[in-house]
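Listed below, chain by chain, are the residues.
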Amino acid sequence: MRIFRYREDSRIVLGVLMEDGAAYRLNAPDLMTLVSEARKAGVTSEVHIKSLVQDLSPIQAAPESLALLTPLDAPEVWAAGVTYQRSREARNYEATAGKLDASTFYDKVYDAERPELFMKSTSARTVGPGEQVCLRSDSSWQVPEAELGLVLDRSGAIIGYTAGNDMSCRDIEGENPLYLPQAKIYRNSCAIGPFVRLTETVADPYNLAIACRIYRDGVKVVDESANTGQLKRRLEELVGHLKRDNALYDGTVLLTGTCLVPPNHFTLASGDRIEIEIAGIGTLVNTAVYAHELE
Ligand code: DO4
Ligand code: MG
């Protein structure tokens, strides 16, 4: 069961896509309201939503044909780093190709008890499906990072899963790890969506195929795939560190790190179409442009 939002005229509408492919318009303002209604009723969100749609007629259009938005307004997006061997190798490569040999930081954090966690985005910097993500004008080595996103409530409970893009500047981070915030946080540097799949409807979050495809002028120039089974850490472990002596807000998203890095010679160009697909969760599509080109 997957929750989405779309724009209809000037209104934001909440929808649900059921396992049989039928989609319904929900009479609720947002995902977190549904979750708290379900808790009050003592049932799972899945059971609650099934009861809400039982007398409704499905939406005639396929969700993908609607004006999809971020599935929720995430007040904060956090991200984990170097949680996959592929990311560790990529960081070591970019750090040693730059001015500072910082490989030891990435190797250490991969094995350390404490994971790398960083503030990735605020709701104003986070875009949804079909929107433009930004390239930095001061970087010449930029990539999307395809990541499984956890949608959390204020207690750190995992409400659902979404697809995320942790846009990254490999040259800026590679020059000096202290530049991480500039390599990671800037205008439209994060995308999430289009769906949140409810936790109780995912059989095994450690067995989700993830793919990242990039098209330039209609030609596929990157086609990488991996699986969340390669994740070095448990999801609860990442959340446990995130909430330690920290305040979480309902709808916070935690991106769990990338298992997909384009080949080292690749950098994004303006106009590239980025597709991030997580099996059973959804496909997030965005176009990359420089900030001054934003529509
Ligand atoms: O260490 C830098 C960030 C790593 C990251 O974003 C990732 O592994 O996904
Ligand atoms: Mg990342």
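These figures come from a predicted structure and were not determined experimentally.

Enquirer: Residues and numbers for the site of ligand 1, please.
Expert: Around ligand 1 sit 16 residues in total, of which V82, S87, E116, K184 and T258 are the nearest. Here D166 contributes a side-chain N or O atom positioned 3.0 Å from an oxygen atom of ligand 1. One of the backbone N or O atoms of T258 is found 2.9 Å from an oxygen atom in ligand 1. Notes on ligand 1: free accessible area 280 Å², of which the protein chains cover 99%. Mapped by element, the contributors of at least two residues to the shell around ligand 1 are β5 (76-81), α3 (85-97), β6 (116-122), α6 (180-184) and β17 (252-258). Partitioning the shell around ligand 1 into residue classes produces five nonpolar, four polar and seven charged.

Enquirer: Break down the side chain of T162 for me, with residues and values.
Expert: Looking at the element boundaries, T162 is found in strand β11 (residues 158-166). Separated by 3.3 Å, the side chain of T162 and the backbone nitrogen of G193 make a polar contact. Looking at T162, its side chain comes within polar contact range of the main-chain oxygen of F195, at 2.8 Å. When sequence neighbours within four positions are dropped, the list of residues in contact with T162 reads P71, E147, L148, G149, V151, I192, G193, F195, V196, I278 and I281.

Enquirer: Any details on the domain arrangement of the protein chain? Residues and values, ideally.
Expert: As assigned here, the protein chain comprises domain 1 (2-68) and domain 2 (76-293). Listed per partner, the contact involves 16 residues of domain 1 and 17 residues of domain 2. In terms of surface lost to domain 2, no three residues of domain 1 exceed R2, M32 and L68, which account for 41% of the buried area on that side. Seen at the junction of domain 1 and domain 2, the total is two salt bridges. A salt bridge links R197 to E19; the shortest N-O distance between them is 3.3 Å. At the boundary of domain 1 with domain 2, the tally comes to six residue pairs in polar contact (both at pLDDT 80 or more). At the level of secondary structure, the elements contributing two or more residues to the side of domain 1 that touches domain 2 comprise β1 (2-8), α1 (31-41) and α2 (45-53). With four residues, α1 is the single largest residue contributor to the side of domain 1 that touches domain 2. Counted by class, the side of domain 1 that touches domain 2 contains nine nonpolar, two polar and five charged residues.

Procedures and definitions
- Residues numbered from 1 in each chain as written.
- Chains lettered and ligands numbered in written order.
- Predicted model: local features only at pLDDT ≥ 70, side-chain atom pairs only at ≥ 80, totals over all residues.
- Heavy atoms only, no water.
- Near = heavy atom within 4 Å.
- Polar contact = N/O pair within 3.5 Å; in protein donor to acceptor, adjacent residues only side chain to side chain.
- Areas by Shrake-Rupley, 256 points an atom, 1.4 Å probe, with all protein chains shown as cover.
- Helix = DSSP H or I, 4+ residues; strand = E, 2+ residues; numbered from the N terminus.
- Nonpolar A, V, L, I, M, F, W, Y, C, P; charged D, E, K, R; others polar.
- Contact = heavy atoms within 4.5 Å.
- Domains from an automatic or database assignment.
- Buried area = accessible area lost by both parts, 1.4 Å probe.
- Salt bridge = Lys/Arg side-chain N within 4 Å of Asp/Glu carboxyl O.

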